[in-house]
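What the coordinates show
Here is what each chain is made of, one letter per residue.
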Amino acid sequence: LEPGIITKIEISKEGDTIVLKKRDNQWYLEPKGYLADTNKVNRMLTVFENLSLAALVSESKDYQRYDLDPARRISAKAWQEDALMRNFDIGKAAPSFRHTFIKLADDIRVYHANDNFRSTFEQTPDDLRDRGVLAFKASDIQTVQITKDQASVELLRQKAPIEPAVSQPEKQDKPAPAAVKFEWLDRSGNKANDQDLNRLLTTLGSLKCAGYIDDRNKDSFSEPIYTVKLKGVQEHQLQIFAKLEKDADNYPAVSSGSDYPFLLSDNQVQQIMKDPVEMFKKTEGAEKKPE
């Protein structure tokens, strides 16, 4: 198939069906309209577009042997608008792991299809949902405000010129222009730990959640235990809340990059939720943290 023509995908297994539709060059999970994971959808599209049969395997109708029986097969369909373009059942991988057993619609025979792609379609709606909840370029951020419990700090990104080292000045007619680096300072001029700040921005700049909270909306959460506000080309915000259950292994959170509340793992929160005062932790060559 010509790339880009597919506008609808349907995946069925054991009576459960997932429907994906393309609108405005984005893929959505129906019927709720959740944004789908682009990379996972693209892998499916590649299979639909490049489907190629390598060999005839069986005409015996012994579908269970190939995981093509009703209990284990995955049915995959793809449309271009109202026209059904692909319709086949997916079984298990062949012993070589370079092919997949498939059965075409209205054909009793089992074939080897090129490539091992069952796992591409063995997905749940939650698996296919786009987990991105915050996205920006770290270099675009100019102001960071961090609040944890009663402690708060605001940091500004400022230019700090570096005079170039000249090993042989007598051979240099003109001094080279001063290089420029950036550093993080609070409003009193105290220098923050640049490494920690940049690491935090890198983490937040491509933040993916561990899952979504579908039975509550964003407004139902209040009194965050940690808040990060970022200003630059655009404004971004992340709020983390106390665990919903004492023994839970994740934290609820909301962000400016998601319309829905979501969960962050313990490990993610440990990386993000630093004490504001610790942003001034002394490192080699750094100034002492403020009193």
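Residues numbered from 1 in each chain as written. Predicted model: local features only at pLDDT ≥ 70, side-chain atom pairs only at ≥ 80, totals over all residues. Heavy atoms only, no water.

**Describing the overall build of the protein chain**
On a plain count of helices and strands, the protein chain comes out with five helices and 19 strands. Residues classed as buried in the protein chain amount to 40% of the 291 residues present. Excluding contacts between residues fewer than 6 apart, the proportion of contacts in the protein chain whose partners are at least 24 apart in sequence is 57%. As displayed, the protein chain has an accessible area near 17300 Å², and 44% of this comes from carbon and sulfur atoms. (Helix = DSSP H or I, 4+ residues; strand = E, 2+ residues; numbered from the N terminus. Buried < 20%, exposed > 50% of the residue type's maximum accessible area, 1.4 Å probe, protein only. Contact = heavy atoms within 4.5 Å. Areas by Shrake-Rupley, 256 points an atom, 1.4 Å probe, with all protein chains shown as cover.)

**Quick notes on the packing of aromatic side chains**
The tally for this structure, following the rule as stated, stands at seven aromatic pairs. Look at Phe221 and Phe241: their rings are 5.3 Å apart centre to centre, the planes differ by 40°, and that puts the pair in the tilted class. Placement of Phe221 in the loop between β15 (211–212) and β16 (226–231) and of Phe241 in the loop between β17 (235–240) and β18 (250–255) is noted, with a sequence separation of 20 residues between them. Phe241 carries the same exposure label as Phe221, and that label is buried. In this structure an aromatic cluster arises from ring pairing among Phe48, Phe88, Phe117 and Phe121. For Lys8, the ring lying beneath its charged end belongs to Trp79, and the centroid distance is 4.4 Å. (Phe/Tyr/Trp six-rings, centres within 6.5 Å; stacked < 30°, edge-to-face > 60°. Lys NZ or Arg CZ within 6 Å of the ring centre and 35° of its normal.)

**Section: the environment of Gly15**
For Gly15, the location among the structural elements is in the loop between β1 (8–13) and β2 (16–23). Placed 55 residues apart in sequence, Gly15 and Pro70 show a C-alpha to C-alpha distance of 9.2 Å.

**Some thoughts on the pairing of β17**
Bridge count for β16 against β17 is six bridges, and the pairing is antiparallel. Bridge pairing links Val228 to Leu238 in β17. Hairpin connection between β16 and β17: a loop of three residues separates the two successive antiparallel strands. Inspection of the sheet shows β17 paired to β18 by three bridges, in the antiparallel sense. (Pairing = 2+ DSSP bridges.)

**A look at the side chain of Asn250**
Along the chain, the position of Asn250 falls in strand β18. Given the relative accessible area of 19%, Asn250 is considered buried. In this structure the side chain of Asn250 is engaged in a polar contact, spanning 3.2 Å, whose partner is the side chain of Asp249. In this view, Asn250 contacts Lys243, Leu263, Leu264, Ser265 and Asp266; residues no more than four positions away in its chain are not counted. (Polar contact = N/O pair within 3.5 Å; in protein donor to acceptor, adjacent residues only side chain to side chain.)

**Some details on the confidence of the model for the protein chain**
Looking at the protein chain as a whole, its pLDDT mean stands at 91, while 89% of the residues score no less than 70. Segment residues 283–288: pLDDT under 50, and five contacts once partners within four positions in sequence are set aside and those in other chains are kept. (pLDDT = per-residue confidence, 0-100.)

**Overview of helix α1 (residues 38–50)**
The terminal C-alpha atoms of α1, which comprises 13 residues, lie 18 Å apart, in line with the 18 Å expected from a rise of 1.5 Å per residue. The distance from a side-chain oxygen at the start of α1 to the backbone nitrogen of Asn39 is 3.0 Å, and the residue carrying that oxygen is Asp37. (Expected span 1.5 Å × (residues − 1).)

**A look at the pairing of strand β9 (residues 110–114)**
Here strand β5 (residues 53–58) pairs with β9 via four bridges, running antiparallel. Each bridged residue has a counterpart across the sheet, and for Ala55 the counterpart in β9 is His112. From the end of strand β8 (residues 99–104) to the start of β9, which pair antiparallel, there are five residues, and Asp106 there has a positive phi angle of about 60°.

**What to know about unusual backbone geometry**
Looking along the chain, the bond that leaves Glu30 and enters Pro31 is cis, with omega of 10°. For Glu81, which is not glycine, the phi torsion reads 55° and is therefore positive. Inspection of the secondary structure puts Glu81 in the loop between β6 (74–80) and β7 (83–93). Judged by relative accessible area, Glu81 falls into the exposed class, the value being 58%.

**A short note on the sheet that holds β5**
Two strands in a sheet stick together by hydrogen bonds in their backbones, pointing the same way (parallel) or opposite ways (antiparallel). Pairing in this open sheet of nine strands is antiparallel, and the strands run β4-β3-β2-β1-β6-β7-β8-β9-β5 from one edge to the other. Taken across any chain shown, the strands that pair with only one partner, and hence form the sheet edges, are β4 (34–35) and β5. Against the sheet, α1 touches β1, β2, β3 (26–30), β6 and β7, its axis set at about 90° to β1. (Axes fitted to C-alpha atoms, helices over the stretch in contact; angles between N-to-C directions.)

**Things to note about the nonpolar core**
Ranked by size, the top nonpolar core spans 31 residues in total, and within it Val144, Leu204, Leu238, Ile240, Leu264 and Ile272 carry the most contacts. Top element by residues in this core is helix α4 (residues 194–205). It accounts for four residues. Sequence-distant contacts of Ile272, defined by excluding residues within four places in its chain, comprise Leu200, Thr203, Leu204, Leu207, Tyr226, Leu238, Ile240 and Leu264. Ile9, Leu29, Met44 and Phe48 belong to the second largest nonpolar core, which has 26 residues in total. (Core = buried A, V, L, I, M, F, W, Y, C linked by side-chain atoms within 4.5 Å.)

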